[in-house]
Amino acid sequence: MNDEIKSEESRRDFLMKLSLGVSGISAVAVSIPVLGALLAPLLEKEEVDWVTVGATQDFKPGTVTLVTFQNPDPKAFAGVTANTASWLRKDLNGGFIAFAVNCSHLGCPVRWEENANLFMCPCHGGVYYHDGTVASGPPPRALSQYKVRIYQGHVQIQTGPIPITNLTASRKK
Amino acid sequence: MSQLKKIGLWLDDRLGYTENVLPLIRHLAPPRAKWTYVFGSATLFCLIVQVVTGIGLSLLYQPSSSLAFQSLNFITNQAAFGKVLRGIHFYGASGMVLMVGIHMIRVYIFAAYKYPREMSWVSGVILLFLTIAMGFTGQLLRWDSNGVWSSVVAAEQMGRMPFIGKYVARLLLGGDTIGGHTLSRFYSYHVFVFPAMIFGFVGLHLYLVFRNGISEPPRAGRQVDPKTYRAWYKNMLKEKGVPFWPDAAWRDTLFGAIVVLAIVAMAILIGPPALNTPPDPAYIHTVPAPDWYMIPFFSLFALMPPAIESWVIFLAPPLIVILMLILPFVSNKGERSPVKRPWAVFGVICVAIFMTCLLVIGYKAPWSPVFDAKPIPVTAIHGNQQDPVIQKGTHLFYIRGCEYCHQINGYGGFKGPNLTYIGNRLDIPLIKIRIVNGGPDMPSFGGTLSKDDIDALAVFLSAQK
C-alpha cells in the first residue's frame, strides 16, 4: 500500500518535471529565432567597401567639401537612409582627409564653416579646427576620420560605422 | 420575468459580473481622496488615447526606413483627419508624460509609496521609464531628419557604456549605420515591445490598487506602522469608506475627459509638429532637437562639464533608477504628511525648478552657434562709423564667424561673451592675444586670420565701448 503511494508520488513528480521540461524546451525553440532577429545586427558581418566620391582634380587644395556615398550592401528597403556624408578635406599639398560628419559629442551633424575655418555642431556647440581637433565646446575627442585612398585618379573613401565615442575617449591624441 | 431580464441574469451568472467585477468597481475608497488623486487615472486616459490613435496611425503609416517619411506626409496632408490624428497622438504623448510626472510627484509628496504600497511605487517607476521610452521611440518614428539624428544621438549615448557600448549602439541602429533596419526596429519597440510591457505593468499597478487599497490622504502625526496599518485601514474603510464608483471615480472620469478634450483641442488648433527634411543621413543642414519633455536632458548635455559628461551619461540613468526603486524600502513607515516631511517637498521643488530652467534654456540653446546671424549694420556699431578699418573689422566680425558666438548690439549669438562694450574691458593688444590664442572655450584664430585682419578686428572691437 505504502509502496503504491510512493510510486504514485514519484510518477506525479516525474510528470510534473516532464511537463515543465518540455514546456521549457518549446519556449527555447521558439525564442531562438526571435533572439536571432533581435540580435541580427550583431550577428551579421557588416561589409566595408571603398567608394569613389570624385576625381582628385574635382577638389581644390585647401578646401573642405561635403561628399556623399552609399553604405556598402544597402538593403533595397533602405531608400535615402543608405546614404552617408563625409567632409573631405584636400590639403594644400594635395593629400586628402575624410572626416565623419558626426560630432564626437553626441553624433549630430557638424557643418564646415569655410570663412571661420571651423567645423561647428548645431546641437551643443561643439567646435573643431580644420584638422578635426576640438576647438571648443563639449566634444570629448577629435572628429573621426574615414580611410582615404587615390585609385586611378579618383578619391575613394573606405566606408565605416557611425563613429561611436566611448567612455574613455580623450581630446589628447 | 421579462425575456430581456432572463438574458441579463444568464449573462451575469456565466460572466460573473455581480460576483467578481461589481465589487471591484464599488470597492471602498478612503474619503477625502479628491482632486489630488486624479492624475494616475488621467495618465491611464492618455494611455488609452495613445493606444487608440496609435492604431489609427498604424493603419496609414509605412514602418520602413525608405517610405515612412512619404507616408507621414500623406497622413499629414492627404489622409482624412490624418493631421488631427497625428496631433492627438503627439499631444496625447505630452499629456501622458505630464500626467505621469504629476501623479508621481503627488505620490511622493503624500508618501503613498510607504507600507504596504511599495510595489505600486516600483511598478510605477517602471511605467514612468516605459513612458519615456515610448516618447523617445515615438518621436523617432516621425522619421524626418530629426528622427534620423535623434537615433544617432541615442546610439551615441549607449556608446558610453563600458565594454558593451559599441554593440548596444549597433543593436539600436540595426547595424553599423542608419539604414534599412533602423526604423523597423524602433517601430517594433514602440508598437509591440514597450506597449506589451506597459499593459503588463499597468495591469499589476491597477491590481495593486485593489489589493492594498487607495492610500488615504495623509494627516500630520498619523504614522504608518506596518504592524497595525492593514487592520487600521480596513477599519477606517468600514467606518468612513465610500464606493469607488461613483463617489470617488466621478472626479477621475471628469478630469480624464477634460484632459482628453484638451488634447483633441490642441491637435485641432495647434496641429502636430511639422515634418522636417527627408530622412537622408547625408543631409546635414539640420538642427536636431527632441520634443519638449526631452529638452531638459538635451540642455544638460550642453551644460555639463565635458570632463565628467561621459561618466554621467553612463552612470546617471541606472543610478536614478536604482534610487527611485529603493525609495519605498528605505522609507516605508512613519510620517506621510508633507507638513512633517519638508525636505521631501523641498526636493520636489528643487527638481521641478531645475527641470524647468533646463527646459527654458533648452529652447534658447545659447550654447549653439547662431548660423543665421545677420551682419551688423554700420549704424549699430560704436566708434567712428566712417573709419574704413572699423568698417573692415565689422565685416570680418561677420564673415569670419565671430558672430556665431558673440553678440554686438543685438546682432550675433550667445555662446561667447557679449562684446558690445568689450572696449571697456580689453585694449587692442589684449584683444589681439585673445583672437590669436583663443581661450578655454574659444577657438584660436591665429592660423586662420591674416595680420591685417586681426588688426582690423582689434581696432573695431576696442572701439566698442
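What counts, and where the lines are drawn
- Residues numbered from 1 in each chain as written.
- Chains lettered and ligands numbered in written order.
- Predicted model: local features only at pLDDT ≥ 70, side-chain atom pairs only at ≥ 80, totals over all residues.
- Heavy atoms only, no water.
- Contact = heavy atoms within 4.5 Å.
- Buried area = accessible area lost by both parts, 1.4 Å probe.
- Salt bridge = Lys/Arg side-chain N within 4 Å of Asp/Glu carboxyl O.
- Polar contact = N/O pair within 3.5 Å; in protein donor to acceptor, adjacent residues only side chain to side chain.
- Helix = DSSP H or I, 4+ residues; strand = E, 2+ residues; numbered from the N terminus.
- Pairing = 2+ DSSP bridges.
- Axes fitted to C-alpha atoms, helices over the stretch in contact; angles between N-to-C directions.
- Parallel < 35°, antiparallel > 145°, perpendicular 65-115°, else oblique.
- Left-handed = near helix turned anticlockwise from the far one by under 90°.
- pLDDT = per-residue confidence, 0-100.
- Core = buried A, V, L, I, M, F, W, Y, C linked by side-chain atoms within 4.5 Å.
- Buried < 20%, exposed > 50% of the residue type's maximum accessible area, 1.4 Å probe, protein only.

Draft legend 1. Seen up close, the interface of chain A and chain B. Across the contact, 58 residues belong to chain A and 61 residues belong to chain B. Roughly 5100 Å² of surface becomes buried between chain A and chain B when both sides are summed, with 64% attributable to carbon and sulfur atoms. Contact with chain B buries area across many residues of chain A, yet L106, R111 and L167 of chain A alone supply 15% of it, more than any other trio. At the junction of chain A and chain B, the tally comes to zero salt bridges. At the junction of chain A and chain B, the tally comes to 22 residue pairs in polar contact (both at pLDDT 80 or more). Secondary-structure elements contributing two or more residues to the side of chain A that touches chain B are helix 1 (2–38), helix 2 (40–43), strand 2 (63–70), strand 3 (83–90), strand 5 (111–113), strand 6 (118–120), strand 7 (127–129) and strand 8 (134–136) of chain A. If one sorts the elements of the side of chain A that touches chain B by residue count, strand 3 of chain A sits on top with four residues.

Draft legend 2. The arrangement of the pairing of strand 10 (residues 148–151) of chain A in detail. All names here are of chain A. Summarising the sheet, strand 10 and strand 11 (residues 154–158) pair through four bridges and their orientation is antiparallel. Considered in strand 11, the bridge of Y151 is made with H154. Turn length for the strand 10-strand 11 hairpin, with the two strands adjacent in sequence and antiparallel, is two residues, and the turn residue Q152 shows positive phi of about 50°.

Draft legend 3. Spotlight on the packing of helix 18 (residues 428–437) of chain B against helix 19 (residues 451–462) of chain B. Residue and element names in this part refer to chain B. Following both chains from N to C, one finds helix 18 and helix 19 inclined at 125°, their axes separated by 9 Å at the closest point. Classed by the angle they form, the pair helix 18 and helix 19 counts as oblique. Relative to helix 19, the crossing made by helix 18 is right-handed. In this structure, helix 18 uses I428, I431, K432, I435 and V436 to contact helix 19, whose residues at the interface are I454, D455, L457, A458, V459, L461 and S462.

Draft legend 4. Main features of the confidence of the model for chain B. Confidence along chain B averages 95 in pLDDT terms, with 100% of residues attaining 70 or more. This prediction of the complex comes with two scores: 0.93 for pTM and 0.92 for ipTM.

Draft legend 5. Spotlight on the nonpolar core. The biggest cluster of nonpolar side chains holds 69 residues, and the ones touching the most others in it are W87, V110 and F119 of chain A together with Y61 and W143 of chain B. Looking at this core, the element that brings in the most residues is helix 9 (residues 182–212) of chain B, giving seven residues. Apart from residues no more than four positions distant in its own chain, F119 of chain A is found in contact with V64, W87, F99, V110, R111, W112, G126, V127, Y128, Y129, H130 and L143 of chain A. Judged by nonpolar contacts, the second largest core, of 30 residues, contains M120 of chain A together with I376, C402 and F460 of chain B.

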